[in-house]
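Residue-level structure breakdown
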Amino acid sequence: MQKPKWVIAKEQGKRAAAAETVWLFGLHAVRDALLNPRRERLRLVVTQNALAKLQDAVTEAGMTPEISDPRKFAAPIDQGSVHQGAALEVKPLDWGSLQDIALGEGPEPARIILLDRVTDPHNVGAILRSAEVFGARAVVAVQRHAAPETGALAKTASGALERQPYLRVRNLADAMTQLQDMGYRVLGLDGEADTTIEAAIDGYRDRPTALVLGAEGPGLREKSRETCDALVRLDAAGAFGSLNVSNAAAVALYAARG
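Just so you know, these numbers come straight off a predicted model, no measurement behind them. (Residues numbered from 1 in each chain as written. Predicted model: local features only at pLDDT ≥ 70, side-chain atom pairs only at ≥ 80, totals over all residues. Heavy atoms only, no water.)

Focus: the overall build of the protein
In plain terms, the rule: Strands are runs of DSSP state E lasting at least two residues, helices are runs of H or I lasting at least four, and both sets are numbered from the N terminus onward. Note on contacts: a residue pair is in contact if any heavy atoms of the two residues lie within 4.5 Å. Areas reported as accessible are Shrake-Rupley estimates using a 1.4 Å probe. Residue values count occlusion only from the protein chains shown.
Scanning the protein from N- to C-terminus turns up ten helices and eleven strands. Along the first, second and third principal axes, the C-alpha atoms of the protein reach 60 × 60 × 35 Å. Across the protein, the fraction of contacts at a sequence separation of at least 24, relative to all contacts at a separation of at least 6, is 79%. Element-wise, carbon and sulfur atoms account for 48% of the exposed surface of the protein, whose accessible area totals about 13,400 Å².

See below:
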């Protein structure tokens, strides 16, 4: 019997995901990936100078590097990338399910960042750094209309991509509802909200909390807004504009700390 088209499409998607690889670049990103036992590493391209700086990590990872001429760097990455003579081909990290992260062991009280159509890898990389610094359990984004795991994201994350779970979900509103069912309070950031994040979190600091941030400009989608338990704003000294989404994530995490 012939398989339904949706089954065939799902199987093709799984095979494509299994075959997907990412090129990380830059000394810091490559070093952290080499030292991460969760990473499946495939190919390491380095200049002689970069190898001297990474030798301890290369040895620990047990990889045999390909030495490349810095003038004709052999890794298939964008020529404008600031690779510092090091590039590493890897498989994307598998952090498990949202439920695994939300209900498993981790920093308490639990904090999770959800991103609604944040597509700039530099913003997402910076948010991952802030999430690691302030003890968030994960950064969650949608599979479409969101920044994938890339070399640019990893370089901006400055190593946080190897330690801070970055999950991709099919539907953000469904993920928000799932977190609510697990006891999380879901707060959406909106510059026009009546309530400040400090006021909304007061009395709930010991409760698991998810913070939802939208793309700069359009902000949260209507479905995301409707699914939140409350909309909150970052208190500002004056009407001088809004923060970059990565800065807003850092301030929100600090304001919502336990």
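Here's the deal with the environment of threonine 150
When you line up the elements, threonine 150 lands in the loop between strand E6 (138–142) and helix H6 (151–157). For threonine 150, the residues in contact, after removing those within four places along its chain, are Val22, Leu24 and Pro121.

A few points about the sheet that holds strand E2 (residues 41–46)
Put simply, the test is: Here a strand pair is declared whenever DSSP counts at least two bridges between the two strands. Here an axis means a line fitted to C-alpha atoms, over the contact stretch when the element is a helix, while the angle between two N-to-C directions is reported on a 0 to 180 degree scale.
Read from one edge of the open sheet, four strands run E1-E4-E2-E3, paired in mixed fashion. Each edge of the open sheet is held by one strand with a lone partner, namely strand E1 (22–25) and strand E3 (66–67). Of the pairings in the sheet, the one linking E1 to strand E4 (residues 86–90) comprises four bridges and is antiparallel in character. Across the sheet, the residue bridging to phenylalanine 25 is alanine 87, located in E4. Contacts from helix H3 (residues 48–61) reach E2, E3 and E4 within the one sheet, and its direction differs from that of E2 by about 155°.

Considering the pattern of salt bridges
For the record, the criterion: We define a salt bridge as a contact between a side-chain nitrogen of Lys or Arg and a carboxyl oxygen of Asp or Glu at a distance within 4 Å. Residue burial is assigned from relative accessible area. The probe radius is 1.4 Å, only protein chains are included, and a residue is buried under 20% of its type maximum, exposed over 50%, and partly exposed in between.
Following the criterion strictly, the structure yields twelve salt bridges and no others. A salt bridge links aspartate 116 to arginine 221, with the shortest nitrogen-to-oxygen separation between them at 2.7 Å. With a gap of 105 residues between them, aspartate 116 in strand E5 (residues 111–116) and arginine 221 in the loop between strand E10 (209–214) and helix H9 (222–227) connect regions that are remote in the sequence. Since its relative accessible area comes to 0%, aspartate 116 is described here as buried. In this structure arginine 221 comes out as partly exposed when scored by relative accessible area, which is 30%. The closest approach of N and O atoms between glutamate 222 and arginine 225, which form a salt bridge, is 4.0 Å. Here the residue glutamate 222 and the residue arginine 225 both occupy positions in helix H9, the gap between them amounting to three residues, near one helical turn. You can call arginine 225 partly exposed: its relative accessible area is 29%. A single salt-bridge network, built from bridges that share partners, covers Asp32, Glu132 and Arg163.

Some points on the packing of helix H5 (residues 121–133) against helix H10 (residues 245–255)
In plain terms, the rule: In what follows, roughly perpendicular refers to angles from 65 to 115 degrees, roughly parallel to angles under 35, roughly antiparallel to angles over 145, and oblique to any angle outside these ranges. Handedness of a helix crossing follows the sense of rotation of the near helix relative to the far helix, less than a right angle counterclockwise being left-handed and clockwise being right-handed.
Closest axis-to-axis distance for the H5/H10 pair is 8 Å, and the angle between their directions is 15°. Classified by the interaxial angle, the pair formed by H5 and H10 is roughly parallel. The two elements H5 and H10 meet at a crossing, and its hand is right-handed. Residues Asn123, Ala126, Ile127, Ser130 and Ala131 of H5 lie in contact with H10, whose contacting residues are Val245, Ser246, Ala249, Ala250 and Leu253.

Re the side chain of serine 130
Position of serine 130 relative to the elements: it lies in helix H5. Residue classification places serine 130 among the buried positions, given a relative accessible area of 13%. Not counting the four nearest positions on each side in its chain, serine 130 is found in contact with Ser246, Ala250 and Leu253.

Describing unusual backbone geometry
The phi torsion of most residues other than glycine is negative, and most of the peptide bonds are trans. Across the junction of glutamate 108 and proline 109, the peptide omega takes the value -10°, indicating a cis bond. Looking at where proline 109 falls in the secondary structure, it is placed in the loop between helix H4 (98–103) and E5. A positive phi is found at arginine 117, a non-glycine position, where the angle reads about 65°. Of note, serine 158 is a non-glycine position whose phi angle comes to about 55°, a positive value. Its location among the elements puts serine 158 in the loop between H6 and strand E7 (166–169). Exposure remark for serine 158: the relative accessible area of 19% places this residue in the buried category.

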